[in-house]
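# A closer look at the structure
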Amino acid sequence: MLIGIDVGGTYTDGVVFDRGEVIATTKVPTDDNDIKSTVLQVLDKLLLKQDKSDITRIVLSTTVVTNLLATGKGERTALLLIPGYGLPADAYDISDDTFFLKGGIDFRGRELDPLDEKELIQIGDNIVAAGIKRAAIISKFGNRNDNLEKQASHYMAQHYPQLSVTTGSQISGKLNFPRRATTAYYTAITSKEWNRFVDEIDQALTERGLDCEVHILKADGGTLALDVSRDMPCETVFSGPAASTMGAMALAGEGMNSVVLDIGGTTTDIALLIEGEPLYASKGASINQRYTHINAFAVRSIALGGDSCITVNAGQVEVQAYRRDVAACFGGSSATVTDAFNYKFNLNIGNPELSAAALEQIGGSAMSTEEVGAAVVAIVTNRLQDVITSMFKEWENEPAYKVWEVINKRKFTLEQITGIGAASRAIIPELADAMQVKHFIHQYADVANALGAAVARPTLAVNLHVDTQTKIYTLDPGGVRGTLENPHNFQLKDAREMARKHLEQVGKERGMASYTNESSFFMEEQFNMIGGWDQTGKLFDVGIQVTPGFIEEFKGVKI
Amino acid sequence: MKPTGILFFPAFDWAISPTHPEREERLLYTRDQIFEEGIMDLLQIREYQPGLATAKDIARVHFCVPDVEAQITEAHLVSAGSALRIADAYMEGEIKNGFAIIRPPGHHSKTVSHGNRGFCNINNEAIMIEYLRQKYGIKRVAIVDTDVHHGDGTQEIYYNDPDVLFISFHQDGRTLYPGSGHMDELGGPLAYGTTINLPLAPRTTDTGILYALEKLIMPILEEFKPELIVNSAGQDNHYSDPLADMRFSAQGYARLNEILAPDIAVLEGGYSVQTALPYVNMGLIMAMAGIDYSNLREPDYVPERMRENPANLEYIDKMVKRQLQVFRQREEQIEKNRKTRERFHHVHKQIFYDTDYIHEEQSIQLRLCPDCPGFRLIESTAQHRNGYYYRVYCVSIPANACASCQSEARSCYTDMSGNDRYDLVYLQDRVNNDFRSIDIKKDVEMVL
Ligand SMILES: [Zn+2]
Ligand SMILES: [Zn+2]
């Protein structure tokens, strides 16, 4: 028996899922100030009629870290950057407590300039004097050579034992210094709060006598064991949209090109499935308008939902971003998007007469009920259609760096709109008609998010960079750096093998060994380095991953 | 403020040969550097996806022998197409300026293309400019060739076009490929003074190049008033370039682009793949995007070693004064040429394709028209690498041709279309966007 809990902005949903069927569902309002209690409230409700010993797995998708980052209430952290040459210092607007260190590494991982010990003392003293207890150290090209990051980190740990230090290369091995810096910084500022949350959940589950696997859902739609998540709190951001996308995949099956619309009270999350695979944000999750190295689905959120308020001003119908109440058909006080669709298409939701009355009231003498309804439907379908089209375009316009990628560019042909979330039943059929594609709304569409969390499997991506001339390799995650034993005969197959082994090892450490044999290579690059007219070495970049999918016991949902 | 458009197409799967300077590795470290700097994430930057040029886009500029497909690979279509993509973004007003960091390069490709010259088969800038003239109706364009090698292909394509100003500074042709680009190459009789060359002494530094920029190139641009400024942006003036011997730095390149303020820059040469390109490309991007580049430099840069020799500065100053005078007297000279010359101006040329080892013989007739820059008739012969000996006849009608030149040129094409002296007869009619060729032996006309 599986439990999935999805903490949303307004409501928290929970499901109990067993052998293809949803056995229990519950929904409570989310208390942003005490997410732990909200989670436990849902859990307790779900457990009311179940035998605790039947529960084998619990997956949580939470907003703890998302909220911390949005409200800026993370722990004060010093950001120590080693940028070397390039962009000016003011390009790095990440933290108010930013310090710049001397030192430089180049793209081959060669050390250009050393650290300056005097400078370190001065900065260390300043940090400690300001009462800061945490620091993140990131060097440009630290992913190719973490020596400077390590030296600075050791130095700080030695001289200022009260300081907890994170380094960029531990957080990510990918190129993009500002994204590594941002990700490391966000990890540092959320670490303390997240660990407290994990402690509390751990304790609460023990108190309830639950002894099953517990996972946290990540932004990439994969899960992470609760304990493992302690070191990577930021991976848990945006897990809500990830949960609904996984839910849609679980319900809709089939590998087609589809768009998933999760239509809630005031927001709609839109994701693309390309041949059944969720599309990732090409620049990583964007948090507070800053890109990160957190792998996340390419989800667009717009302020439009079933409860969005409708107004009429001087004959102009507008759909507002705010919500006043539930839809009039459910006894709400004013007209909403749901009421307009309900009236226009005779959907018979709630009390349809109340929908008509609410529309008539806002139309007043200026507009007929029919006109108001039609205008709202047009506004909503146009807005959704525009966003969907621009998402296709964005995907089609992703840069390409190889000839064959340009020549074989794929076009996105939409085959289906999958609706989930409470308000999708009203809006999706009409939108699909307007876009001339079929639509799909499963009977469990309202709890797809919690269901998606419950059945999602762990994910993991490994990146390897090898330089046979310097004989150095680096592996991510973990910031592993080592020397090649046999650089002269090193081939692409050796690089693949090395990456695969690392994936297996990390998989074992993370308790997901049974999934690592389902991995696939997502990047294989090989370059010959030429000096004069001779080959002097090779460079390899290899990536291998376990993509988002479902746990073994999930065999689909009964219709 | 509009962003700067960047189109990065490193063609990681294309090389002339495995150890050739034009190999897969060329822009690898530039990729590492610009990705690591996160420059594409900045609000000042917008990244563009590569495009694909069509055979017609290429035929608007070149007579490819025997046909477009024979002279290019898919990589060339993407490289040229990417220049078109960034140019569209500029013309549509999406970006304030744009930089196409693309390969393969193109500035050594001339009107007739029998093969690869100086790593180039087709001329990306010319294809872009003719596309823009056709699509958006722009007329006056300035190309500043900042590659260390003379941009002989671009010069030849626009040698008779008074509406395209071509300025090239480069290492003196007596010391470097392709050997041309001398002071007295000033344009054809009806386009005199809109080709300006500045052959610089080896080891010229930032100071010397920026002096020429401020004292010659900028004043000329101001007087010429182009609608579009294109930087044919080679990066082999760099002090570490293995193929040349200049002393230009990343800071120098950044400053040059800040002052020049090109609307569009298109990458040409530059083969110091580790020591120069990552930093020079950063410098160009930062300068074009208006980002402070004072913290940018090459790891091995020592400014003291890059002092300009006063005698060289004096030498540059002399050239600058002379070329400025030529430019300012160009209209008088053109009027004189129109009156004194024959109906047709004849030129005979030999062109060597270094990469493909092809010798081409050309005989050109330029119509000296009183009303327009005139059309060109080109007879070209060359033996290709496959052993086949081609003799072709090409009719080129420029975009600004007058009505009588158009009809006269078109009848030249018709007259030659049955002449079995030739393997192929071509028509390039830019006015009517009509590009066709006849395979004489097969008696088949191909219309693009
Ligand atoms: Zn060059
Ligand atoms: Zn004429």
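What you see is a predicted model, and the numbers here were worked out from it, not measured in a lab.

Attention now moves to the interface of chain A and chain B. In this assembly, 45 residues from chain A lie in contact with 47 residues from chain B. Taking both sides of the interface into account, the surface hidden between chain A and chain B amounts to around 3800 Å²; carbon and sulfur atoms contribute 59%. Of all residues in chain A, Tyr85, Phe107 and Tyr401 of chain A bury the most surface against chain B, accounting for 20% of the area lost on that side. Where chain A packs against chain B, one counts six salt bridges. Put simply, Arg144 of chain A and Asp32 of chain B hold a salt bridge, and the shortest N to O gap is 2.9 Å.

Examined against the element boundaries, Gly51 of chain B turns out to sit in the loop between strand E2 (45–47) and helix H2 (55–59). The sequence separation of Gly51 of chain B and Ser82 of chain B amounts to 31 residues, and the corresponding C-alpha distance is 4.6 Å. Apart from the residues lying within four places of it in its own chain, the contact partners of Gly51 of chain B are Val406 of chain A together with Leu77, Val78, Gly81, Ser82 and Arg85 of chain B.

Moving on, we come to the pattern of salt bridges. Going through the model one piece at a time under the given rule, you end up with 62 salt bridges over all chains. A salt bridge links Asp494 of chain A to Lys493 of chain A; the shortest N-O distance between them is 3.7 Å. When salt bridges with common partners are traced through the structure, they connect Arg410, Asp429, Asp434, Arg436 and Glu445 of chain B into a single cluster.

Among the surface-exposed residues, Asp90, Asp93 and Asp96 of chain A together with Asp292 of chain B lie close enough to one another that they form a single negatively charged patch. Inspection of the secondary structure puts Asp90 of chain A in the loop between strand E5 (78–82) and strand E6 (98–100). On the accessibility criterion, Asp90 of chain A (65% relative accessible area) is exposed.

All names here are of chain A. Ordered by their spatial adjacency, six strands build an open sheet running E3-E2-E1-E4-E11-E12, and the pairing between neighbours is mixed. Edge positions in the sheet fall to strand E3 (21–29) and strand E12 (223–225), since each of these pairs with one other strand and no more. Going across the sheet, the axis of each strand differs from the next one's by a mean of 20°, ignoring polarity. Pairing analysis gives six bridges linking strand E1 (residues 2–7) to strand E2 (residues 11–18), with the strands arranged antiparallel. Note that in E2 the partner of Ile3 across the bridge is Val16.

Every protein donor of the zinc ion (ligand 1) is listed here as Asp147 of chain B (OD), Asp147 of chain B (OD), His149 of chain B (ND1) and Asp236 of chain B (OD), and their distances to the metal cover 2.0 to 2.7 Å. Around the zinc ion (ligand 1), the four donor atoms are arranged such that angles at the metal cover 53 to 152°; this shape is classified as irregular.

Before going further, it helps to spend a moment on the coordination of the zinc ion (ligand 2). Residues and elements named next belong to chain B. The coordination sphere of the zinc ion (ligand 2) contains the protein donors Cys369 (SG), Cys372 (SG), Cys402 (SG) and Cys405 (SG), at a distance range of 2.2 to 2.3 Å. Taken together, the four donor atoms coordinating the zinc ion (ligand 2) span angles of 102 to 115° at the metal, a pattern that classifies the geometry as tetrahedral. Expressed as a motif, the donor residue spacing for the zinc ion (ligand 2) is C-x2-C-x29-C-x2-C. On the basis of relative accessible area, Cys402 is assigned to the buried category, the value being 14%.

By definition, a disulfide links the sulfur atoms of two cysteines through a covalent bond. Across all of its chains, the model carries zero disulfides over all chains by this definition. As a non-bridged cysteine, Cys64 of chain B has Cys394 of chain B as the owner of its nearest cysteine sulfur, 10 Å distant.

The next subject is the domain arrangement of chain A. Residues and elements named next belong to chain A. Domain annotation of chain A identifies domain 1 (77–187), domain 2 (302–445) and domain 3 (460–546). Each partner contributes to the interface: domain 1 provides 13 residues, whereas domain 3 provides 13 residues. Together, Arg108, Arg144 and Asp146 form the three largest contributors to the area buried by domain 1 at its contact with domain 3, with a combined 54%. The interface formed by domain 1 and domain 3 contains one salt bridge. With a closest N to O distance of 2.6 Å, Asp467 and Arg108 form a salt bridge. Across the domain 1-domain 3 interface, the total number found is five residue pairs in polar contact (both at pLDDT 80 or more). If you tally residues by element for the side of domain 1 that touches domain 3, the top one is helix H5 (residues 168–171), at three residues.

It is worth spelling out the environment of Glu497 of chain A at this point. Residues and elements named next belong to chain A. Within the secondary structure layout, Glu497 lies in helix H14 (residues 492–509). Residue Glu497 is classed as partly exposed on the basis of its relative accessible area of 31%. Put simply, Glu497 and Val542 are 45 residues apart on the chain and 9.8 Å apart in space, counted from C-alpha to C-alpha. At 2.7 Å, the side chain of Glu497 forms a polar contact with the side chain of Arg500.

What follows deals with the packing of aromatic side chains. For the structure shown, the criterion picks out 26 aromatic pairs over all chains. The interplanar angle of 90° and the centroid separation of 5.2 Å between the aromatic rings of Phe352 of chain B and Tyr357 of chain B together place this pair among those described as edge-to-face. Given the relative accessible area of 32%, Phe352 of chain B is considered partly exposed. Relative accessible area serves as the criterion here: at 62%, Tyr357 of chain B is assigned to the exposed category. Members of the aromatic cluster, joined through ring pairs, are Phe107 and Phe141 of chain A together with Tyr29 and Tyr279 of chain B. A cation over an aromatic ring shows up here: Arg140 of chain B above the ring of Phe224 of chain B, its NZ or CZ 4.0 Å from the ring centre.

Parameters at a glance
- Residues numbered from 1 in each chain as written.
- Chains lettered and ligands numbered in written order.
- Predicted model: local features only at pLDDT ≥ 70, side-chain atom pairs only at ≥ 80, totals over all residues.
- Heavy atoms only, no water.
- Contact = heavy atoms within 4.5 Å.
- Buried area = accessible area lost by both parts, 1.4 Å probe.
- Salt bridge = Lys/Arg side-chain N within 4 Å of Asp/Glu carboxyl O.
- Helix = DSSP H or I, 4+ residues; strand = E, 2+ residues; numbered from the N terminus.
- Patch = residues over 30% accessible without salt bridge, like charges linked within 9 Å, V, L, I, M, F, W, Y side chains within 5 Å.
- Areas by Shrake-Rupley, 256 points an atom, 1.4 Å probe, with all protein chains shown as cover.
- Lys, Arg positive; Asp, Glu negative; His and termini not counted.
- Charge placed at Lys NZ, Arg CZ, Asp CG, Glu CD.
- Buried < 20%, exposed > 50% of the residue type's maximum accessible area, 1.4 Å probe, protein only.
- Pairing = 2+ DSSP bridges.
- Axes fitted to C-alpha atoms, helices over the stretch in contact; angles between N-to-C directions.
- Donors = N, O, S within 2.8 Å, 3.2 Å for Na, K, Ca; no water.
- Tetrahedral: all angles 85-135°; square planar, octahedral: opposite > 155°, others 65-115°.
- Disulfide = S-S within 2.5 Å.
- Domains from an automatic or database assignment.
- Polar contact = N/O pair within 3.5 Å; in protein donor to acceptor, adjacent residues only side chain to side chain.
- Phe/Tyr/Trp six-rings, centres within 6.5 Å; stacked < 30°, edge-to-face > 60°.
- Lys NZ or Arg CZ within 6 Å of the ring centre and 35° of its normal.

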